[in-house]
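Each chain is listed here by its residues.
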Amino acid sequence: MKAENVVPLVLFLVACGGGAAPPPPAEAPTAASAAPVDMPPTDPAPAAAASAATPAAPPPAASAKVDFPPHASVEAAIKAVPQGAARLNMNTDTLQAPLLEIKRYDKCKVPRSTKVFLNVAVYDGAAVGVDVTTKPKSAKLEECLDGVVRSMSWDKVPSLNQVNANF
């Protein structure tokens, strides 16, 4: 009776491990993800823990340092993140909060009649892509606002999140 339960579990783990091993391109996670698959389970509880640990292996590889171009646009920042990277969504209100603190922009002297549109890509607590548009258009003002946004900080989440703010 015990052998009947173990054989399907071993086959399941081998099948799951075979599908999970190829996606991570990094060297270290491949070795780490292979360890739980090689260990034969003794009962269903450890098997569940081993299969739960296998999907957790790719996020550390995806949270590796991503090189973003300096002064990147949002589109360039999105393209810099490898496909298949882990995605951890941040709350929109949390992302917008620093952007909507109008006093932060005092040094830019934004005229009351000017509308500001911000599109920001945030990764690991920093703005890695910023698009600023003003109406009426002012390159000097947009450059100042870009610098202020890039100096802001958010919660450190190793995932790319995008947010828009207008004022």
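Summary of the structure given here. (Residues numbered from 1 in each chain as written. Predicted model: local features only at pLDDT ≥ 70, side-chain atom pairs only at ≥ 80, totals over all residues. Heavy atoms only, no water.)

**Let's talk about the nonpolar core**
In this structure, Leu99, Tyr105, Leu118, Val120, Val149 and Trp154 are the most contacted members of the largest nonpolar core, which totals 21 residues. Elements with a minimum of two residues in this core: helix H6 (92-99), strand S1 (115-123), strand S2 (126-135), helix H7 (139-150) and strand S3 (160-166). When neighbours within four sequence positions are excluded, Tyr105 is seen to be in contact with Pro98, Leu99, Val110, Leu118, Leu145, Val148, Val149, Met152 and Phe167. Residues Ala77, Val81, Ala121 and Leu160 belong to the second largest nonpolar core, which totals nine residues. (Core = buried A, V, L, I, M, F, W, Y, C linked by side-chain atoms within 4.5 Å. Buried < 20%, exposed > 50% of the residue type's maximum accessible area, 1.4 Å probe, protein only. Helix = DSSP H or I, 4+ residues; strand = E, 2+ residues; numbered from the N terminus. Contact = heavy atoms within 4.5 Å.)

**Brief notes about H6**
Looking only at H6, the buried set comprises Leu95, Pro98 and Leu99. The arc that holds every buried residue of H6, seen down its axis, measures 115 degrees, which confines them to one face. On its buried face, H6 is in contact with S1, H7 and S3. You can read the cap of H6 off the contacts: a side-chain oxygen lies 2.7 Å from the backbone nitrogen of Asp93, and it is on Asn91. (Arc of directions from axis to C-beta. Polar contact = N/O pair within 3.5 Å; in protein donor to acceptor, adjacent residues only side chain to side chain.)

**Description of unusual backbone geometry**
With an omega of 0 degrees, the peptide bond between Lys135 and Pro136 qualifies as cis. Its identity is not glycine, yet Lys109 carries a phi of approximately 50 degrees, on the positive side. Inspection of the secondary structure puts Lys109 in the loop between H6 and S1. The class for Lys109 is exposed, based on a relative accessible area of 70%. We note that Asp124 has phi near 55 degrees; this positive angle belongs to a residue other than glycine. Mapping Asp124 onto the fold places it in the loop between S1 and S2. With relative accessibility at 33%, the residue Asp124 sits in the partly exposed group.

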